[in-house]
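# Descriptive analysis of the structure
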Amino acid sequence: MKPEAPSEPGLTEGEDANSAELERLRQEFAEWERKRQRYGTIAAALFYTFIGCIILPLLGGFAGILSGGIAVFFMALAGCCFLGIKLLIHILPKDPFRRVKKYILKHLGYRYSKDAHRFPLRQFERLYLLSEHLRYKLSDIVEGDFAGVKAMACKAKNFQESRKGDRLEVRGNQANLLNVLHAASRSSGKFEGGLIVAEFPKPFQSRATVLPKNLQPHSLLSGLFQGVGERVELESEDFNDSFLAYSTDQVEARYLLTPSMIDRILRLRSIFRAEVGIGFSGGKIHIAMNDGREWFVDPGMGREVTDPAYLDDIREDLEYVGAILRELNLGASSRV
Amino acid sequence: MDPMIVYGVPAIICIGLYFWYASIISRKNKALEALSSVDVQLQKRFDLVPNILKLAQRFMDHEKELLTRVVELRAKVQQPYSPTDPTELAAHLEASQALETGLGRLFALAENYPDLKSDATIIRAQETYEEVEGHISAARRYYNAAVSDLNNAVEIFPGSVIAGFARVKTMPFYEIDNPEWRKPVDVDSVMRL
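Residues numbered from 1 in each chain as written. Chains lettered and ligands numbered in written order. Predicted model: local features only at pLDDT ≥ 70, side-chain atom pairs only at ≥ 80, totals over all residues.

Another point: the overall build of chain B. Assigned secondary structure in chain B consists of 8 helices and 0 strands. What you see in chain B, going N to C, is helices and strands ordered as α-α-α-α-α-α-α-α. A burial count over chain B gives 23% of its 193 residues as buried. Considering only contacts in chain B between residues 6 or more positions apart, those separated by 24 or more positions represent 76%. (Helix = DSSP H or I, 4+ residues; strand = E, 2+ residues; numbered from the N terminus. Buried ≥ 20, exposed ≤ 12 C-beta atoms within 10 Å, placed from the backbone. Contact = placed C-beta atoms within 7 Å.)

A separate point is the overall build of chain A. Along the backbone of chain A there are 10 helices and 9 strands. Within chain A, buried positions represent 32% of all 336 residues. The long-range share in chain A, meaning contacts at least 24 apart out of those at least 6 apart in sequence, stands at 72%.

All right, on to the interface of chain A and chain B then. Each partner contributes residues to the interface: chain A has 8 residues there, and chain B has 9 residues. Among the residues making up the side of chain A that touches chain B, the classes are represented as 2 nonpolar, 1 polar and 5 charged. (Nonpolar A, V, L, I, M, F, W, Y, C, P; charged D, E, K, R; others polar.)

In this structure, A151, I196, A245, I324 and L325 of chain A together with Y143 of chain B are the most contacted members of the largest nonpolar core, which totals 99 residues. The leading source of residues in this core is helix α5 (residues 120-155) of chain B, at 12 residues. Aside from chain neighbours lying at most four places away, what touches I196 of chain A is A151, A153, I287, V321 and I324 of chain A. Grouped together as the second largest cluster of nonpolar side chains are 5 residues, C53, F74, A78 and C81 of chain A included. (Core = buried A, V, L, I, M, F, W, Y, C linked by C-beta atoms within 7 Å.)

A regular strand carries its side chains on alternate faces of the sheet. Residues and elements named next belong to chain A. With respect to burial, strand β5 (residues 208-212) is a largely interior element, 4 of its 5 residues being buried. Judged from the 5 bridges that link them, β5 and strand β7 (residues 243-247) form a sheet pairing that is antiparallel. What sits directly across from A208, in β7, is S247. (Pairing = 2+ DSSP bridges.)

The end-to-end C-alpha separation of helix α2 (residues 68-91) of chain A is 35 Å, in line with the 34 Å expected for 24 residues at 1.5 Å each. Taken as a whole, α2 of chain A has its buried residues at F74, A78 and C81 of chain A. (Expected span 1.5 Å × (residues − 1).)

Residues and elements named next belong to chain B. When pLDDT is averaged across chain B, the result is 80; 89% of the residues are at 70 or more. Segment residues 189-193 is flagged for pLDDT under 50; beyond a separation of four residues in sequence, or across chains, it makes 2 contacts in the model. Both scores are available for the predicted complex, with the pTM at 0.71 and the ipTM at 0.74. (pLDDT = per-residue confidence, 0-100.)

The subject of this paragraph is the environment of D241 of chain A. Residue and element names in this part refer to chain A. Tracing the backbone through its elements, the reader meets D241 in helix α7 (residues 237-242). Residue class for D241 comes out exposed when judged on the 9 C-beta atoms lying within 10 Å of it. As a C-alpha pair, D241 and P212 span 29 residues in sequence and 9.3 Å in three-dimensional space.

All names here are of chain B. Packing of helix α1 (residues 3-59) against helix α6 (residues 159-166) brings their axes to within 10 Å, and their N-to-C directions diverge by 70°. By the angle class used here, α1 and α6 are roughly perpendicular. On α6, the residues touching L17, W20, Y21, I24 and I25 of α1 are G159, I162, A163 and A166. Split into classes, the residues belonging to the contact of α1 with α6 amount to 8 nonpolar, 1 polar and no charged. (Axes fitted to C-alpha atoms, helices over the stretch in contact; angles between N-to-C directions. Parallel < 35°, antiparallel > 145°, perpendicular 65-115°, else oblique.)

Turning to the packing of α1 of chain B against α5 of chain B, a few remarks are in order. Residues and elements named next belong to chain B. Between α1 and α5, whose axes approach to 8 Å, the crossing angle comes to 160°. Here α1 lies roughly antiparallel to α5, going by the angle between them. Here α1 runs over α5; the crossing is left-handed. Residue classes in the contact of α1 with α5 are distributed as 22 nonpolar, 7 polar and 7 charged. (Left-handed = near helix turned anticlockwise from the far one by under 90°.)

Once that is clear, we can look at the environment of R69 of chain B. Residue and element names in this part refer to chain B. With respect to the secondary-structure elements, R69 resides in helix α2 (residues 64-78). Exposure remark for R69: the 17 C-beta atoms within 10 Å place this residue in the partly exposed category. Separated by 105 residues in sequence, R69 and Y174 place their C-alpha atoms 22 Å apart.

Another aspect to go through is the pairing of strand β9 (residues 284-290) of chain A. All names here are of chain A. The buried fraction of β9 is high, at 6 of 7 residues. Here strand β4 (residues 192-199) runs beside β9; their pairing, made up of 6 bridges, is antiparallel. Along β9, the bridge assignment pairs E199 with K284. Strand direction decides the pairing type here: strand β8 (residues 275-281) and β9, joined by 7 bridges, are antiparallel. By the bridge assignment, E275 is partnered in β9 with N290. Hairpin connection from β8 to β9: 2 residues lie between these consecutive antiparallel strands, with G282 at a positive phi of about 60°.

Okay, structure coming up:
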């Protein structure tokens, strides 16, 4: 179930604030569009000059009309045009959608980055929330305050094939064997959804992972996980039927996975109808939501950059992430 | 009679009994490990008590009786015990529980002393105490899960026979038995705090 989106073009402050914000966006984009058109015109002129400078000396040379000096001049001019085009391509924004999202999210108080280099994907792999043997495309990192919690969220999608150079074979090592089983079990399913990293209100040292049961290797071998520790059997039958928990510290696992937290995780899965994986590491909570939803969707070609409906889409996505964190009650006031 | 049956059946029974015995011993060790993690957490609380008492004494002159009781309970928790003796273990866990109740009462009464309540050190001490209590609660859950496993293995036949030979006994649960918590909550007094 999607959390309720704002019914009117989505601002909490009311219509006036909405119009003012849209107007501000419109002005900024109008400026950006003007710049883009200007650069586009210059780039087109340079391109045609470049083509002309290439063709003319060639034709002139064959016809014997142009002298060598003039031909060299044309070639030099072509070189300058080429460099000019390259410079303009560098200056021109490559991805207008990225600009749209960046502007909108900036106005809503969030930091946006298209590239996912800064996102701690490796942590998700170490916590077995994502398989090490599959490629994941991460994009659209949004950072900021979601429902009172400092968090970073991004869109994630996996490819079915394994990474180049990965050798899915057993080398007499339990971890390798389990990685193979894990990868094999994972590769049958697909991941499309989002990843969230958020501050956890309680301090902790160890690592703990909560994984959906259907994504696990055979239960006999599941206790042999290296790195995520041993199996943690919790009091809730419903939880044990749906999830498997592992931790490097049995006591701290129970400190993190309190009975109320267990209920919240179960509720999260049913409300959002998603495959939920949760990991605790380095004082942060890592959430992998395989919900089949495209997070932070692009505006699309047919839409105006300042389309209020797109602003609503972005707001709905932010509200969606906020609802996940709210459901887990990660607000600073909660230490339970 | 077929020698395979003569030697094979007793051999299979012996192997089965050995695995049963091994599982009981490993459950006992797991319960003892869980008990030691409870003790580690209780020690944290134990170390915290003198600081809390020192702070409380400055402001809570009228609660001398309670402060003395907490000191006594702390001394009782400190007494050595044998983890393999269920009676001694139960007494140790009961004393720890009583200390928890006493400290809980102390913090509840601290609400009546505005100077104490607003003191930065006591606020920090209370936060640390809550964190330690969270860890104790987690350790208790781990211990009770391990004890439940052990007690099932020890009490259910034929585990009871093997446990008798191995001299493995059931262990007591670390239960929350606080009569204060069973009382109905007075919402008005809570809202006033």
